Amino acid sequence: MNKLFLVSEADCISNLRMDRNCFGRLCFLMRELGGLVDHRYVSVEEQVSMFLSILAHHKKNKVVKFDYLRPG
């Protein structure tokens, strides 16, 4: 997950289709209004970034699993 925060603004925009400030606000809204919570191994930020990755790049579950080093 740190690779999303340690990259340049341009890399964040190309991967998530939004800047880091907008991503942080979206995660805040998903926590407060959307009811998303951190799970044992996956934070809200990681859940949102996986979702945005699927939407923005038409990725399959297998590719997202590999990118984020997650099972199933």
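The following refers to the structure shown. (Residues numbered from 1 in each chain as written. Predicted model: local features only at pLDDT ≥ 70, side-chain atom pairs only at ≥ 80, totals over all residues. Heavy atoms only, no water.)

**Quick look at the environment of Val-48**
Turning to its location among the elements, Val-48 is positioned in helix H4 (residues 44-57). Sequence separation between Val-48 and Met-30 is 18 residues, and the spatial gap between their C-alpha atoms is 8.4 Å. Excluding residues that lie within four positions of it along the chain, Val-48 makes contacts with Phe-23, Leu-26, Cys-27, Met-30 and Leu-36. (Helix = DSSP H or I, 4+ residues; strand = E, 2+ residues; numbered from the N terminus. Contact = heavy atoms within 4.5 Å.)

**A word on unusual backbone geometry**
Of note in the backbone geometry, Arg-17 takes a positive phi value of approximately 65° without being a glycine. Relative accessible area serves as the criterion here: at 51%, Arg-17 is assigned to the exposed category. (Buried < 20%, exposed > 50% of the residue type's maximum accessible area, 1.4 Å probe, protein only.)

**Notes on the nonpolar core**
The biggest cluster of nonpolar side chains holds eight residues, and these are Cys-12, Leu-16, Met-18, Phe-23, Cys-27, Val-44, Val-48 and Leu-52. Listing elements by their share of this core, those giving two or more residues are helix H2 (9-16), helix H3 (20-32) and H4. Per-element tally for this core: the top contributor is H4, with three residues. (Core = buried A, V, L, I, M, F, W, Y, C linked by side-chain atoms within 4.5 Å.)

**Side note on the packing of H3 against H4**
Helix-helix packing is characterised by the crossing angle of the two axes and by the distance between the axes. For the pair H3 and H4, interaxial distance at closest approach is 10 Å and the crossing angle is 110°. In terms of orientation, H3 lies roughly perpendicular with respect to H4. Of the two possible hands of crossing, H3 and H4 adopt the one that is right-handed. Of the residues in H4, those touching H3 at Phe-23, Leu-26, Cys-27, Met-30 and Arg-31 are Val-44, Glu-45, Val-48, Ser-49 and Leu-52. Tallied by class, residues from the contact of H3 with H4 come to seven nonpolar, one polar and two charged. (Axes fitted to C-alpha atoms, helices over the stretch in contact; angles between N-to-C directions. Parallel < 35°, antiparallel > 145°, perpendicular 65-115°, else oblique. Left-handed = near helix turned anticlockwise from the far one by under 90°. Nonpolar A, V, L, I, M, F, W, Y, C, P; charged D, E, K, R; others polar.)

**What to know about the side chain of Ser-49**
Along the chain, Ser-49 turns up in helix H4. For Ser-49, a relative accessible area of 0% gives the class buried.

**Regarding the pattern of salt bridges**
Tallied over the entire structure, the rule returns three salt bridges. Close ionic contact of Arg-20 with Glu-9 constitutes a salt bridge, the shortest N to O distance being 3.3 Å. Here Arg-20 is found in helix H3, whereas its partner Glu-9 is found in helix H2, with eleven residues between them in sequence. Residue Glu-9 is classed as partly exposed on the basis of its relative accessible area of 31%. For Arg-31, the salt bridge goes to Asp-38, with nearest N and O atoms at 3.2 Å. (Salt bridge = Lys/Arg side-chain N within 4 Å of Asp/Glu carboxyl O.)

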